[in-house]
Amino acid sequence: YYPKLSSSKPTIRITSVIYDTTTNSTTVGKVNWTCSQSGSGSLTPASRAVNSTVTLTTPAGQTKALLSSGGSVLMVEVAYSYASPTTKVVTGAVNMKDSFYTKPRRVAQIPAPSSCP
């Protein structure tokens, strides 16, 4: 349980990354679709364009082989701007962010949602 210290919400972006047949890379794909929820945190890059390339990396910055021919990966990025209720230890806001990947289970690619939040 986390106490509600702030009414701000996190920035969340879900991106479908598909296998790029021009490069045949298992670590670099193309954006098929993306949906975002704006919030207090900031993501880099600020937006992702359809057909732009994405390199799938781990937090240590190493590339991760997740793509296969005809397949896709859902990439989720989350950022939250945390401001401590006390300023003795943490002064100013801290942008906390993380990303993770998941492969679709029953289909090769998940179709784009009809609308994003």
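Structure: see above.
None of these values were measured; they are calculated from a predicted model. (Residues numbered from 1 in each chain as written. Predicted model: local features only at pLDDT ≥ 70, side-chain atom pairs only at ≥ 80, totals over all residues. Heavy atoms only, no water.)

Trainee: Is there a simple way to think about the overall build of the protein chain in this case?
Mentor: For the protein chain, the count of helices and strands is zero helices and five strands. Along the protein chain, helices and strands appear, N-terminal first, in the series β-β-β-β-β. Counting all 117 residues of the protein chain, 26% fall into the buried class. Sequence separation of at least 24 residues holds for 66% of the intrachain contacts in the protein chain that already meet a minimum separation of 6. If you sum the accessible surface of the protein chain, you get close to 7,800 Å²; carbon and sulfur atoms cover 55% of it. (Helix = DSSP H or I, 4+ residues; strand = E, 2+ residues; numbered from the N terminus. Buried < 20%, exposed > 50% of the residue type's maximum accessible area, 1.4 Å probe, protein only. Contact = heavy atoms within 4.5 Å. Areas by Shrake-Rupley, 256 points an atom, 1.4 Å probe, with all protein chains shown as cover.)

Trainee: I would appreciate a short explanation of the sheet that holds strand β1 (residues 11–19) in the present structure.
Mentor: Strand pairing in a sheet relies on backbone hydrogen bonds, with the paired strands running either antiparallel or parallel. Taken in spatial order, the five strands of this open sheet run β3-β2-β1-β4-β5, and their pairing is antiparallel. Single-partner strands in this sheet number two, and they are β3 (53–55) and β5 (93–102). Averaged over neighbouring strand pairs, the angle between their axes works out to 35° when direction is ignored. In terms of strand pairing, β1 meets strand β4 (residues 72–83) through eight bridges, oriented antiparallel. Residue pairing in the sheet places Ser-16 in a bridge with Leu-74 of β4. (Pairing = 2+ DSSP bridges. Axes fitted to C-alpha atoms, helices over the stretch in contact; angles between N-to-C directions.)

Trainee: Looking at this structure, I do not really get the pairing of β4. What am I missing?
Mentor: In regular strands, side chains alternate between the two faces of the sheet. Two elements, β4 and β5, share 10 bridges in a ladder whose sense is antiparallel. By the bridge assignment, Tyr-82 is partnered in β5 with Val-94.

Trainee: Quick question: what am I supposed to make of the state of the cysteines here?
Mentor: Disulfide: a covalent bond formed between the sulfur atoms of two cysteine residues. Taken as a whole and judged by the stated rule, the model has one disulfide. Residue Cys-35 pairs covalently with Cys-116 via a disulfide, S to S 1.8 Å. On the sign convention where negative is left-handed, the bridge of Cys-35 and Cys-116, at about -50° about the S-S bond, is left-handed. Placement of Cys-35 in strand β2 (residues 28–37) and of Cys-116 in the segment after β5 is noted, with a sequence separation of 81 residues between them. Note on Cys-35: relative accessible area 8%, which makes it buried. (Disulfide = S-S within 2.5 Å.)

Purely geometric stuff here, so don't read any function into it on its own.
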